[in-house]
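Fold and contact review
One-letter residues, chain by chain:
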Amino acid sequence: MDATLWLSLGAIIALLAMSFFFSGSETALTAASRARMHQLARSGNPRATVVEKLTAEKERLIGAILLGNNVVNILASTLAASVLIQIFGEAGIAYATLAMTAAVVIFSEVLPKTLALLRPDGFALVVAPVIRVIVFLFAPVTHAVQGLVNLILRGFGLDTSKASAISAHEELRGTVDYLHSEGEVVKHDRDMLDGILDLRELEVSDVMVHRTRMLALDADMPADELIGAILDSPFTRVPLYRDKQDNIVGVVHAKDLLRAIQKAEGDISKVNVQRIAFKPWFVPDTTSVQAQLNAFLKRKLHFALVVDEYGEVQGLVTLEDILEEIVGDIADEHDTVIEGLTKQADGSYIMDGSLPIRDLNRALDWNLPDEEATTLAGLVIHEAKLIPEPGQQFTFHNLRFKVLKKSHNRITQLRVTPIDQTVAVK
């Protein structure tokens, strides 16, 4: 070989190395964690700042890298064909095609992309300064190419300016679910993060204690009976009504009641419960949970009564109810054990119809829809399109529902069996 052939061979190797650089850079910059780059940039890392700026304009970035990669690959293939033709004659074209195909695929595509995927953040930080210069130099060409591409797409009725983008909430939720499926996020942490993301999508009617399970006492009861009922209850705040339960006239805090008893030196007859009760706070059932949480913090209150559009009391919501949407059930030494979910030996569950769907999904890792109904009984009625009778069975969402008990038009107890368990029993 003469010096020209050796120079051509060296140029081919250099061009393949450049192709290695372009391919690895493309993979690393697109796969790098945006959150980590943002954190490093805030910490003062200049290379992370460059990565953020490059990935903010992905069209220019990808266009410049593809342009550089194609130029060096074509040039390397042309030089290889020239060298091999000089050595083997016309057969050198076939040899050049085979050799360059293998070299480009292995050394310029698979190898650099694999390395970049192994350490995308570190790879991106290393190549970012060089890529920034390349993007700047190729900017006129990539801009013209992108304009031509947009023109062609518009000819087919496609508008690139209207490309759909995933919301930040959806991206976070998808990331959390993916990491959970990979085993990097435990179920409890996933539930907490999902609970935070759900706050603005939920209404207080989704998390409230329904009026059928709400403790409210008659304000006109004898003082000793009323005080005894308040102190015997497991709740810190108890609403008082007059004439009918929808007519809430006040809310008694157990601590205020104890202070009043102490001032009366233990003489209950001297305690006026209605005087120590504070004014009830009513909120619409359509209030978002996020807005209600902010209102609790602003007003420094932990208790509100929920009303519908007609002003009828539908239930109550507390700060604890909202926090439980994030951290799960919060129990203390005065909480009673809430029965209503009992697993059977055959894998089925005996459940109260009033159990909230969200609580079931969290406890059993199910995915029952809660858009149309809040409770399990409501879901069965919604799916069945009727009020079922005891003994009737329905199958939906990969579960078998059997109505066990009903009170008037309200389903009070069901047996729920996963479909795989149903098959196994048969």
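Below is a short write-up of the structure.

Conventions and cut-offs
Residues numbered from 1 in each chain as written. Predicted model: local features only at pLDDT ≥ 70, side-chain atom pairs only at ≥ 80, totals over all residues. Heavy atoms only, no water. Pairing = 2+ DSSP bridges. Helix = DSSP H or I, 4+ residues; strand = E, 2+ residues; numbered from the N terminus. Contact = heavy atoms within 4.5 Å. Axes fitted to C-alpha atoms, helices over the stretch in contact; angles between N-to-C directions. Phe/Tyr/Trp six-rings, centres within 6.5 Å; stacked < 30°, edge-to-face > 60°. Buried < 20%, exposed > 50% of the residue type's maximum accessible area, 1.4 Å probe, protein only. Lys NZ or Arg CZ within 6 Å of the ring centre and 35° of its normal. Salt bridge = Lys/Arg side-chain N within 4 Å of Asp/Glu carboxyl O.

**Some thoughts on the sheet that holds strand 1 (residues 209–210)**
Taken together, four strands build an open sheet; the order of strands is 1-7-6-5 and the sheet is mixed. This sheet does not close on itself; its edge strands, each paired only once, are strand 1 and strand 5 (282–284). Lying on the sheet, helix 14 (residues 319–327) is in contact with strand 1 and strand 7 (313–318); it crosses strand 7 at an angle near 65°.

**Digging into the packing of aromatic side chains**
Within a pair of aromatic rings, the relevant descriptors are the distance that separates the centres and the angle that separates the planes. The full count for this structure, using the stated rule, is five aromatic pairs. Ring geometry for Phe21 versus Phe22: centroids 5.8 Å apart, planes at 65°, classification edge-to-face. Note on Phe21: relative accessible area 23%, which makes it partly exposed. By relative accessible area, Phe22 is classed as buried at 5%. Here Arg299 stacks its cationic end above the ring of Trp281, 4.1 Å away from the centre of that ring.

**Some words on the pattern of salt bridges**
All told, the structure shown has eleven salt bridges when counted by the stated rule. Residues Glu109 and Lys113 are paired through a salt bridge, measuring 3.7 Å at the closest nitrogen-oxygen approach. Here Glu109 and its partner Lys113 are both found in helix 5 (residues 92–118), four residues apart, which amounts to about one turn of the helix. You can call Lys113 partly exposed: its relative accessible area is 25%. For Asp198, the salt bridge is made with Arg358, and the minimal N-O distance between the two is 3.5 Å. A residue pair is termed long-range when its members are at least 10 positions apart, and Asp198 in helix 8 (residues 187–198) and Arg358 in helix 15 (residues 357–364) qualify at 160 residues. Classification of Arg358 as buried rests on a relative accessible area of 17%. One continuous salt-bridge network, built from bridges that share partners, spans Asp198, Glu325, Arg358 and Asp370.

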